[in-house]
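Architecture and fold: a report
Each chain is listed here by its residues.
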Amino acid sequence: MNPAVKNTFLFALVGVLLVGTGIIQGWNSALVILNMGLISAIMAMGVNLQWGFAGLFNIGVMGFVALGGLAAVLVSTPPVPEAWEAGGLRILAGLVLGAATVVAAVFAQRRLEGRTRTIVTLIILIGGFFLYRAVFDPGKVAVEAVNPAVSGNLGGLNLPILLSWPVGGLLAAGAAWVIGKTALGLRSDYLAIATLGIAEIIIAVMKNEDWLARGVKNVIGLERPVPYEIDLQNDPGFVERAASLGLDPVTASTLYTKIGYAILFTIVLLIILWLAQKALNSPWGRMMRAIRDNEVAAEAMGKDVTARHLQIFILGSAICGIAGAMMTTLDGQLTPGTYQPLRFTFLVWVMVIVGGSGNNFGAILGGMLIWWLWVQVEPLGLGLMNILSSGLAEDSALRERLIDSAAHMRLLTMGLILLLVLRFSPRGLIPER
Amino acid sequence: MDYLNALVAFANFVFVPGLAYGAQLAIGALGITLIYGILRFSNFAHGDTMAFGTAITIIVTTAFISMGISFGPLPTALLALPFGILGTMLLVLGTDWAVYKFYRQQKASPVILVIVSMGVMFVMNGIVRFIIGVREVNFADGERFIITAREFRTMTGLDEGLAIKTTQAITVVVAFIVMALLFWFLNKTRTGKSMRAFSDNEDLALLSGINPDWVVKVTWMIVAALATTAGVLYGLDKSFRAFTYFQLLLPIFAAAIVGGLGNPIGAIAGGFVIAFSEVTITYAWKKVLTYLLPEPLEPDGLVQLLSTDYKFAVSFAILIIVLLFKPTGLFKGQSV
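Scanning chain A from terminus to terminus reveals 18 helices and zero strands. With the C-alpha coordinates aligned to their principal axes, the bounding extent of chain A is approximately 75 × 60 × 50 Å. By residue count, 44% of the 433 residues in chain A fall in the buried class. Sequence separation of at least 24 residues holds for 82% of the intrachain contacts in chain A that already meet a minimum separation of 6.

The next point concerns the overall build of chain B. Helix and strand counts for chain B stand at 13 helices and two strands. For 336 residues, the compact-globule formula gives about 20 Å, and the C-alpha radius of gyration of chain B, at 21 Å, lands near that figure. Considering only C-alpha atoms, chain B reaches an extent of 70 × 55 × 35 Å along its principal axes. Per-residue burial over chain B gives 46% buried out of 336 residues. Pairs at least 24 apart in sequence give 76% of the contacts found in chain B among residues at least 6 apart.

It is worth spelling out the domain arrangement of chain A at this point. All names here are of chain A. Under the domain assignment, chain A is made up of domain 1 (54–74 + 161–338), domain 2 (80–154) and domain 3 (340–433). Centre-to-centre separation of domain 1 and domain 2, based on C-alpha positions: 28 Å. At the interface, five residues of domain 1 touch seven residues of domain 2. In terms of residue class, the side of domain 1 that touches domain 2 is built from three nonpolar, no polar and two charged.

All names here are of chain A. At a minimum axis distance of 10 Å, the contact between helix H1 (residues 3–25) and helix H16 (residues 360–388) shows a crossing angle of 25°. Between H1 and H16, the crossing angle belongs to the class labelled roughly parallel. Two packed elements cross with a definite hand, and for H1 against H16 that hand is left-handed. Touching Asn 7, Leu 10, Phe 11, Val 14, Leu 17 and Leu 18 of H1 are Phe 361, Leu 365, Met 368, Leu 369 and Trp 372, all from H16.

Let's shift gears to the interface of chain A and chain B. Each partner contributes residues to the interface: chain A has 31 residues there, and chain B has 31 residues. Secondary-structure elements contributing two or more residues to the side of chain A that touches chain B are helix H7 (188–208), helix H15 (341–355) and helix H18 (409–424) of chain A. The residue makeup of the side of chain A that touches chain B, split by class, is 20 nonpolar, seven polar and four charged.

Here we come to unusual backbone geometry. Residue and element names in this part refer to chain A. At Arg 214, a residue that is not glycine, the phi angle is positive and equals roughly 65°. Its place among the elements puts Arg 214 in the loop between helix H8 (210–213) and helix H9 (229–234). Since 23 C-beta atoms lie within 10 Å of it, Arg 214 is described here as buried.

Attention shifts here to the confidence of the model for chain B. Residue and element names in this part refer to chain B. Looking at chain B, pLDDT values average 88 and 99% of them are 70 or higher. At the low end of the mean pLDDT range in chain B sits helix H12 (residues 286–292), at 81; at the high end sits helix H3 (residues 77–106), at 95. Interface confidence for the predicted complex, given as ipTM, is 0.89, next to a pTM of 0.92.

So, about the environment of Val 135 of chain A. Residues and elements named next belong to chain A. Take Val 135: it is sitting in helix H5 (residues 114–145). Using a count of 18 C-beta atoms within 10 Å as the deciding quantity, one classes Val 135 as partly exposed. Considering only alpha carbons, one finds Val 135 and Val 65, 70 residues apart in sequence, at a separation of 30 Å. Among residues more than four places away in sequence, those in contact with Val 135 are Arg 90, Ala 93, Gly 94 and Leu 97.

In this section: H18 of chain A. Taking 1.5 Å per residue as the helical rise, H18 of chain A with its 16 residues ought to reach 22 Å, and the 22 Å between its terminal C-alpha atoms agrees with that figure. Burial in H18 of chain A covers these residues: Met 409, Arg 410, Leu 411, Leu 412, Thr 413, Met 414, Gly 415, Leu 418, Leu 419, Val 421 and Leu 422 of chain A.

Quick look at the environment of Asn 360 of chain A now. All names here are of chain A. Position of Asn 360 among the secondary structure elements: in helix H16. Accessibility expressed as a C-beta count within 10 Å gives 26 for Asn 360, which makes it buried. With 83 residues separating them along the chain, Asn 360 and Gln 277 place their C-alpha atoms 7.1 Å apart. Contact partners of Asn 360, with chain neighbours within four places excluded, come to Met 45, Asn 48, Leu 273, Ala 276, Gln 277 and Leu 280.

To continue, consider the packing of helix H11 (residues 249–280) of chain A against helix H14 (residues 305–331) of chain A. All names here are of chain A. In contact at an axis separation of 12 Å, H11 and H14 are set at 175° when each is read in the N-to-C sense. In terms of their interaxial angle, H11 and H14 are classed as roughly antiparallel. Packed against H11, whose contacting residues are Tyr 261, Phe 265, Val 268 and Ile 272, the element H14 presents Ile 319, Ile 322, Met 326 and Leu 330 at the interface. Taken together, the residues that form the contact of H11 with H14 break down as eight nonpolar, no polar and no charged.

Residue and element names in this part refer to chain B. By secondary structure assignment, the location of Thr 88 is in helix H3. On the basis of neighbour count, Thr 88 is assigned to the buried category, with 28 C-beta atoms found within 10 Å. Taking the C-alpha atoms as reference, Thr 88 lies 9.2 Å from Val 223; in sequence the two are 135 residues apart. Apart from residues no more than four positions distant in its own chain, Thr 88 is found in contact with Thr 49, Phe 52, Gly 53, Ile 56, Ala 224, Ala 227 and Thr 228.

Rules of the game
- Residues numbered from 1 in each chain as written.
- Chains lettered and ligands numbered in written order.
- Predicted model: local features only at pLDDT ≥ 70, side-chain atom pairs only at ≥ 80, totals over all residues.
- Helix = DSSP H or I, 4+ residues; strand = E, 2+ residues; numbered from the N terminus.
- Buried ≥ 20, exposed ≤ 12 C-beta atoms within 10 Å, placed from the backbone.
- Contact = placed C-beta atoms within 7 Å.
- Rg over C-alpha atoms; globule rule 2.2 N^0.38 Å.
- Domains from an automatic or database assignment.
- Nonpolar A, V, L, I, M, F, W, Y, C, P; charged D, E, K, R; others polar.
- Axes fitted to C-alpha atoms, helices over the stretch in contact; angles between N-to-C directions.
- Parallel < 35°, antiparallel > 145°, perpendicular 65-115°, else oblique.
- Left-handed = near helix turned anticlockwise from the far one by under 90°.
- pLDDT = per-residue confidence, 0-100.
- Expected span 1.5 Å × (residues − 1).

Next up, the structure:
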């Protein structure tokens, strides 16, 4: 089968799966899956940029996604003036001091020699740490004491939430720059562990620094880029148009908002896809693949491997950040407790590997397909378990056990799919050309 | 100033918990380091292997308790441990046969094996949830304390108490036995020597007639035993939850890398380095300092460098510092 036909067929298959979901489980569920699938596809493109183009092994996707979510809160929520008065400037001063300490320590490392270097660096770091705590801590306590039940944080900038998507990308890019500067020189599996650790730290910060985005108290009711269902239902014009399509206002309004999100996400997806395709087929993209395939040879040809790695690491992470901001916008809330590496890092990796690493269309296909499967495995598993256990007595312990365990089928299935694809089709569904 | 009370407080809150945690990390890191040394990849499924072994042990423990078998003052789980190890051995040997063997024969690059181990991690995580669920399980029975804080206070007449949990003592004793056995095996037996030879130089080892399949099998069996032991000790000391075991991956990897990947002594040292730094940096030192410093200097705050929620950050920071300044680890590990 020629590749173009095969690819069209694969994408058509995803379409059929979504339409099938729409017919069997309702269009609302199908659109929910589609929206998250589009976001997953963008995440997968980010990871594909790093792994497929450049061979960088980043398993800290979760951290960048969470930073994007943080951006959504910091951009869209209104500021809390009382909190800023109580200790906002203190917190900012503390953060600036902390950053200055790190910069000074790095500077000392570069400029000094021998034992003086070690001693000066240590003095700067330890002194800076206590200074930072002395300035920062009272501010943090004061801010978190301001009306903790509803705010207790500094709030955001009160700007349109759509603006948080590029801001999320920038935030993730900034974090990636810091991480890349320290960790990119390391071997691939060290880089993996380093990124895994960074992601955990980012989540820990978001959970515990209440002044930032309320920590585990969550931020709910974020602004939306699409109209609220209830407003639509109260709009006579909308109700009339819905009636002319034969829909009741409630269904029509939920579908309307979800389609609105889907259109927004598709626009972002297409822009990123266009850019990534341009990059892949440019001299820059060829250089990246040359570096990936043989670092030593590329370096001998005068390519700056570390700088290129840093560049693509930042770009890929920024895409994950954008996707993270989009996801938080879609959810309308930021819940740091729900970020789990299996769901936000390793699942994205399954998407990239299954879709086909090194191919942007593969990443999109993988993202949509694996997300559909991730959602549907549970009901499918439950159905399977019901059939398997139908011969058993209603109250048998085994039957209960089997039905309970359907909830855990997801991880098992994802692992099996990853292993099977790696074994029998290691280049993925849509291989790199 | 009261040095004795300060010392007891230090022992109670920092030294004893750090020692037990360090022993658990060290045994976990030994498994990572052995796989790295012999099979030459970073095994991301190790945390879930530990969870699997612990899950089997818990099931056998429950069965023992229901049959009325107990180990006196010691936790029944120690009796069940061999069964857990056996089950895990079967699992990892099966995994190796079904999954890893193919890539070994293909001579796949280490990073591919790491991705494969991610798949194995997913499957094992699923299996563990399948057999034991996601709830928290406490399976420590028998005596809870060797010495409680109150007993210690009445015995010594000090203000501070020193409590030693049975599980902490067991952890240290078992860890010592396990390490002694492992080093005896690696240094004195024929198979152990061939494993070390294989780790040092694969081609040379093959030339001298070492059977690679046997070496790989023995490695997996040892790793299964280490992982299960580490998992059970951690679970006895704290509690069992499938998810926490996955999160243990980070400090364990940090321990193995800090010590030098592929170097067993390094793994042990790394485990204690990571554990003690985590405990010291997240412990509130107010109590100890109050005893040590003259009254006007006594601290007002908790004197806690970082809140306990940031313990990941500690192991991670140590990892980064070691990697930047001594990339092969404290003890010379392999660098591929």
